[in-house]
Amino acid sequence: MSKPAGKEWIAKFPTSKSVNDLSGSFKGNVTKFLRALQAAGAKVAISATLRPPERAYLMHYSYEVSHGLDPAKVPDMKGVDIDWTCAGKDGKPDAKLAVKAASEMVAGFGIAYRPALKSRHSQGLAIDMTISWTGALTITGSDGKAVTITSSPRDGGNKDLQSVGAGYGVVKLKTDPPHWSSDGH
Amino acid sequence: MSTLRWLVPIAVVMAANPGPAFGRKAGFQGLVGVAMQAAGKVCFSINSAALQPHTFVTIIGPGEPFQSATAEITRPGKNCPGMPPGTAGYKLRAVTGHLEDNTVLFGVLGTVQVLSHGDGTAVRLNAVQQTVTLRSCTSTDGVHLSIWNSPAPAGARLWHRYVYLGQDLDASCSAAESAE
C-alpha cells in the first residue's frame, strides 16, 4: 500500500558523499584523480556525489504539486510508493491535503527553485568538491607525468588543474565552482 | 513583467548606523552581500568584517516573486550556507517586508530605491548614488547573483556571487550571468 506524500519522505534517499556510489568508469576516474590530488598535498572536501533519482523525483514533483500540478498526473516511479493524491480510505483524492503535504516536502527539502528531474548527479556521473592548496601544486596527470601548477586561483577554478582533471575523465562544469562530471555538464 | 512607474522608496529612514560610506571607485565588495532566510531566520554574508549592530541592510530578491525587506544587523553570526571563506556572517533582524525561505537574496548596506522589476530589477544604490540592475538565476547546483550597469545581460557585470545550494536545479542562467 502506498504511503501518502508528506515530510516523512524527506529523509529517504539521501544525497551521498561517497565516491563508491558513483557510476561505471566515472567512479574509477574520480578515484584516480582524488588519489593524485591527495598525493600532491591538495585538500579536498566532497559535498555530494550521487543524488538518488528517487530523491530527484520526490523533490521535483513535490515542487510541481505545490505549484499547481494535479497530483493525479504525477507519474509513478519504481521504488517510490508514494500517493501524491493523499487519497482517503474511500479512495478519493484530497486535493487540499495533497498540496499541503507537497508544500511540507518542499519546505523540508529546503527547495526554493525548481528542481531538475534528471542530472549528472542523479546518474552518478558528477561530484561536487572543494579543492584547495598552498604554494605550487605538483600533481601526476593521467599519463603518469608530473605537472606543476603555479597559476591562480589555488582551487578548483584553476584552469591548469581542470586540464589535469579532464585527463582523468573528470571534467569541470564552468557554471558551478564545486561541480565536476563525466562530460562537463 | 510588472514595472513600477514611479520610484518606490524601499526605505527612506536610515537606522542609527547606516554603515560605512562608499565611493564609486570602491566597487561593491563591501557594499553588497548575500542574504538568506531559513526557518524565519535571516543570515547575511558580506566581504566586510567590521559591521556594527544596527547597521541597516536592504534585502532584495529580483526573481519571481519579487521580494524586498529591510533589516538591521543584530550581531556577528555564521555565514550563509554555500558562501566562500573570507566573507563575514551576520545575523539580521527583519524590520519590514516578507521573505521566502531558502531563496538567495541581495543584501545591500544602506537604503535602495527600486525603479522597476521584472526581468531583472533596476535599483538606485543610495550609498554610491548609482543605478544598476540586479539579476538572479540558477545553474546546475546553485544560484548566481549579479549586478549590471545596464539592463542585463547587456553592459558590464559589476559584481557577482555564486551560492552553492547542493540541489539539482533547472538552470536558467545565461553564460554571461554565470561566468566566473
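Residues numbered from 1 in each chain as written. Chains lettered and ligands numbered in written order. Predicted model: local features only at pLDDT ≥ 70, side-chain atom pairs only at ≥ 80, totals over all residues.

1. As for the overall build of chain A
At step 1: Tallying secondary structure elements over chain A gives four helices and eight strands in all.
At step 2: Listed N to C, the secondary structure of chain A is β-α-β-α-β-α-β-β-β-α-β-β in terms of helices and strands.
At step 3: For 185 residues, the compact-globule estimate of 2.2 N^0.38 gives 16 Å, and the C-alpha radius of gyration of chain A, at 21 Å, exceeds that figure by more than 25%.
At step 4: On the principal axes, the C-alpha backbone points of chain A span a range of 70 × 25 × 20 Å.
At step 5: Considering chain A as a whole, with its 185 residues, one finds that 41% of them fall into the buried category.
At step 6: Taking the contacts inside chain A whose residues are at least 6 apart along the sequence as the reference set, 67% of them involve residues at least 24 apart. (Helix = DSSP H or I, 4+ residues; strand = E, 2+ residues; numbered from the N terminus. Rg over C-alpha atoms; globule rule 2.2 N^0.38 Å. Buried ≥ 20, exposed ≤ 12 C-beta atoms within 10 Å, placed from the backbone. Contact = placed C-beta atoms within 7 Å.)

2. Some details on the sheet that holds strand S2 (residues 43-48) of chain A
At step 1: As summarised here, the arrangement of the four strands in space is S2-S4-S8-S7 (chain A), forming an open sheet in which the pairing is antiparallel. This sheet does not close on itself; its edge strands, each paired only once, are S2 and strand S7 (171-172) of chain A. (Pairing = 2+ DSSP bridges.)

3. Quick look at the pairing of strand S6 (residues 146-149) of chain A
At step 1: Relative to S6(A), strand S5 (residues 137-140) of chain A runs antiparallel, the two being bridged by four bridges. Its bridge partner lying in S6(A), Leu137(A) is registered against Ile149(A).

4. A short note on the packing of helix H2 (residues 53-66) of chain A against helix H3 (residues 95-109) of chain A
The geometry of a pair of packed helices is captured by two quantities: the angle between their axes and the separation between those axes.
Residues and elements named next belong to chain A.
At step 1: Where H2 contacts H3, the axes come no closer than 8 Å and their chain directions differ by 130°. Looking at the two axes, H2 sits oblique to H3. Two packed elements cross with a definite hand, and for H2 against H3 that hand is left-handed. Listed contacts from H3 to Leu58, Met59, Ser62, Tyr63, Val65 and Ser66 of H2 are Ala98, Val99, Ala102, Ser103, Met105, Val106 and Phe109.
At step 2: Taken together, the residues that form the contact of H2 with H3 break down as 10 nonpolar, three polar and no charged. (Axes fitted to C-alpha atoms, helices over the stretch in contact; angles between N-to-C directions. Parallel < 35°, antiparallel > 145°, perpendicular 65-115°, else oblique. Left-handed = near helix turned anticlockwise from the far one by under 90°. Nonpolar A, V, L, I, M, F, W, Y, C, P; charged D, E, K, R; others polar.)

5. Regarding the environment of Ala122(B)
At step 1: Looking at the element boundaries, Ala122(B) is found in strand S9 (residues 120-125).
At step 2: Separated by 28 residues in the primary sequence, Ala122(B) and Ser150(B) have C-alpha atoms spaced 8.4 Å apart.

6. Considerations on the confidence of the model for chain B
Residues and elements named next belong to chain B.
At step 1: When pLDDT is averaged along chain B, the result is 83; 84% of the residues meet or exceed 70.
At step 2: Across residues 1-26 the pLDDT falls below 50, and counting only partners more than four positions away or on other chains, this stretch makes 49 contacts in the model.
At step 3: Taken over the whole predicted complex, pTM reads 0.89, whereas the ipTM for its chain interfaces reads 0.94. (pLDDT = per-residue confidence, 0-100.)

7. Quick notes on the nonpolar core
At step 1: If you look at the biggest cluster of nonpolar residues, it comprises 71 residues, and the most contacted ones within it are Ala5(A), Ala35(B), Val57(B), Ile59(B) and Val108(B).
At step 2: A per-element tally of this core places H2(A) first, with seven residues.
At step 3: Leaving out residues up to four positions away in the same chain, Val57(B) has contacts with Phe44(B), Ala71(B), Glu72(B), Ile73(B), Leu92(B), Gly107(B), Val108(B) and Leu109(B).
At step 4: Within the second largest apolar cluster, 23 residues are counted, among which are Leu22(A), Ile127(A), Val170(A) and Trp180(A). (Core = buried A, V, L, I, M, F, W, Y, C linked by C-beta atoms within 7 Å.)

8. Some remarks on H3(A)
Residue and element names in this part refer to chain A.
At step 1: Compared with an ideal rise of 1.5 Å per residue, which puts 15 residues at 21 Å, H3 spans 21 Å between its outermost C-alpha atoms and is within 8% of the ideal.
At step 2: Each element contacted by the buried residues of H3 is listed here: strand S1 (3-4) and H2.
At step 3: Two residues or fewer after H3 comes Gly110, characterised by a positive phi angle close to 75°. (Expected span 1.5 Å × (residues − 1).)

9. With respect to helix H4 (residues 159-167) of chain A
Residue and element names in this part refer to chain A.
At step 1: Where H4 is concerned, the buried positions are Leu161, Val164 and Gly165. Projected down its long axis, H4 shows its buried positions confined to an angular sector of 100°, all on one face.
At step 2: For H4, the elements touching its buried residues are helix H1 (24-40), S5, S6, S7 and strand S8 (179-181).
At step 3: Positioned one or two residues after H4, Gly169 has a phi angle of 85°, which is positive. (Arc of directions from axis to C-beta.)

10. Focus on the sheet that holds strand S4 (residues 56-61) of chain B
At step 1: Spatially, six strands are ordered S2-S3-S6-S5-S4-S7 (chain B) in a closed barrel, and the strand pairing comes out antiparallel. Each adjacent strand pair in this sheet contributes to an overall mean axis angle of 40°, direction not counted.

11. Some thoughts on unusual backbone geometry
Excluding glycine, residues mostly have negative phi values, and the peptide bonds linking residues are mostly trans.
At step 1: Across the junction of Ser152(A) and Pro153(A), the peptide omega takes the value -5°, indicating a cis bond.
At step 2: Residue Pro65(B) follows Glu64(B) across a cis peptide bond; omega there is 0°.
At step 3: Position of Pro65(B) relative to the elements: it lies in the loop between S4 and strand S5 (67-77).
At step 4: In this model, Cys86(A) sits at a positive phi of 55°, which is unusual for a non-glycine residue.

12. Some points on the environment of Asp119(B)
Residue and element names in this part refer to chain B.
At step 1: Considering the arrangement of structural elements, one finds Asp119 in the loop between strand S8 (112-118) and S9.
At step 2: With 13 C-beta atoms packed within 10 Å, Asp119 lands in the partly exposed category.
At step 3: Measuring from C-alpha to C-alpha, the distance between Asp119 and Gln130 comes to 19 Å, with 11 residues separating the pair along the chain.

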